[in-house]
Amino acid sequence: MPADAKTLEPQTAPQPPLKWAGGKRWQVPYLEPLWALHTRRRLVEPFCGGLAVTLGLQPGSALLNDVNPHVISFYRWLKKGLKIGTRLENNEALYYQHRERFNELLRNGGGESEEAAGLFYFLNRTGYNGLCRFNRSGEFNVPFGSYKTINYTRDFSPYRAAFAAWDFTTGDFEKIEFGSGDFVYADPPYDVDFTHYSQGGFSWEDQVRTATRLARHRGPVVLVNQATPRIVELYHELGYQLDYLNAPRRISCTGDRSPAREVLAKRNL
């Protein structure tokens, strides 16, 4: 790692607070050498998801966006020092009670409340495989996860310092206003069959929009995706420099745990 790379103290780099299907913590060692030369820039993540990369890189300034408003609401409450008073227990009956209460809050305009943030955390930690899935009506519909043991966190005040200079937004990535010097790390939903993480899904047209929008950015860009033939062709045609990684495959409907080939596309680095 370059000599000016940032050295992180454990207490300043809390772990990702959510269980996240396809989490990207494994990418951090590949990204650190790229980020180390740009640590004074603002880090922008258009698809921040489980937040593993930003927490791993620990930027001084960040703009973190996700199309899923419940994830962003949870992070905003963490920035305030969320303390959960809701009952947290690895119990199937309680899980479905809390899931119904969460969906009731969504139906009645309470989706951004502190209670909803606490319930979202519980559902994420207790539901199947850490999935975040909503039906066409916008209701959370992940089933109970049947874990043997779960370690819950009630007091998230340690996250206040880490999140202090980070801004959280929700919406389509094209609405993000990039500064010309921003370092953009983008990890969109991969080019595979995709179960709805948010209403509307993520189409091939969205893949093209993402790659094209980021190709116009004047600052450093790192874009990661499943290395499907059409993704590789798209990124190559847009002038990205391509590297390849073997990603751990932790969740698969077929039981396949072989490494998945991913492409790490770079510009202006």
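Residues numbered from 1 in each chain as written. Predicted model: local features only at pLDDT ≥ 70, side-chain atom pairs only at ≥ 80, totals over all residues. Heavy atoms only, no water.

As annotated in an unreviewed UniProt entry, the protein chain carries the name Site-specific DNA-methyltransferase (adenine-specific) and comes from Luteitalea pratensis. Within the UniProt record for the protein chain, the comment given under Catalytic activity (unreviewed entry) is "a 2'-deoxyadenosine in DNA + S-adenosyl-L-methionine = an N(6)-methyl-2'-deoxyadenosine in DNA + S-adenosyl-L-homocysteine + H(+)". According to its UniProt record, the protein chain has this under Sequence similarities (unreviewed entry): "Belongs to the N(4)/N(6)-methyltransferase family." (UniProt positions renumbered as here; feature names shortened; annotations may be inferred.)

*Asks:* Please clarify how the overall build of the protein chain should be interpreted in this entry.
*Replies:* Of the regular secondary structure elements, the protein chain holds 8 helices and 7 strands. Considering only contacts in the protein chain between residues 6 or more positions apart, those separated by 24 or more positions represent 74%. Looking at the protein chain as shown, the accessible area adds up to about 13,200 Å², and 47% of this sits on carbon and sulfur atoms. (Helix = DSSP H or I, 4+ residues; strand = E, 2+ residues; numbered from the N terminus. Contact = heavy atoms within 4.5 Å. Areas by Shrake-Rupley, 256 points an atom, 1.4 Å probe, with all protein chains shown as cover.)

*Asks:* Before we go on, may I ask you to explain the nonpolar core in this structure?
*Replies:* Note on soluble globular proteins: their nonpolar side chains tend to be buried together. Core analysis: the biggest nonpolar cluster contains 53 residues, and F74, Y75 and F163 have the highest contact counts within it. The leading source of residues in this core is helix α5 (residues 114–126), at 7 residues. There are two domains that each give this core at least three residues, and those are domain 1 (22–67 + 171–268) and domain 2 (70–163). Contacts of F74, omitting those with residues within four sequence positions, involve P17, L18, L82, A117, F120, Y121 and F156. One finds A186, A211, L214 and Y240 within the second-largest nonpolar core, a separate group that totals 23 residues. (Core = buried A, V, L, I, M, F, W, Y, C linked by side-chain atoms within 4.5 Å. Buried < 20%, exposed > 50% of the residue type's maximum accessible area, 1.4 Å probe, protein only. Domains from an automatic or database assignment.)

*Asks:* Help me out: how do you make sense of the pairing of strand β7 (residues 260–267) in this one?
*Replies:* Where a strand is regular, its side chains alternate between the two sheet faces. For β7, a buried count of 7 out of 8 residues is recorded, marking the element as mostly surrounded by other parts of the structure. The pairing of strand β5 (residues 221–226) with β7 spans 6 bridges and is antiparallel. Bridge pairing links Q226 to E262 in β7. (Pairing = 2+ DSSP bridges.)

*Asks:* I would appreciate a short explanation of the environment of R160 in the present structure.
*Replies:* Its place among the elements puts R160 in helix α6 (residues 159–163). Separated by 78 residues in the primary sequence, R160 and L82 place their C-alpha atoms 8.8 Å from one another. Excluding residues within four positions of it along the chain, R160 makes contact with L78, K79, K80 and G81.

*Asks:* How do you make sense of helix α8 (residues 229–237) when you look at a structure like this?
*Replies:* Every α-helix winds through 3.6 residues per turn, so residues three or four apart in the chain are directed the same way. Listing the buried residues of α8 in full gives I231, V232, L234 and Y235. Buried positions in α8, seen along its axis, are confined to an arc of 165 degrees and lie on one side of it. Across α8 from its buried face, at more than 90 degrees, point the exposed residues P229, H236 and E237. In this structure, the buried residues of α8 make contact with α7 (204–215), β5, β6 (241–247) and β7. G239, located one to two residues past α8, shows a positive phi value of around 90 degrees. (Arc of directions from axis to C-beta.)

*Asks:* Teacher, can you tell me more about the sheet that holds strand β3 (residues 166–170) here?
*Replies:* Spatial ordering of the open sheet is given by β3-β2-β1-β4-β5-β7-β6, a layout of 7 strands whose pairing is mixed. At either margin of the open sheet sits one strand with a lone partner, and together these are β3 and β6. Adjacent strand axes in the sheet meet at a mean angle of 15 degrees when their direction is disregarded. Pairing analysis gives 3 bridges linking strand β1 (residues 43–45) to strand β2 (residues 62–66), with the strands arranged parallel. What sits directly across from E45, in β2, is L64. (Axes fitted to C-alpha atoms, helices over the stretch in contact; angles between N-to-C directions.)

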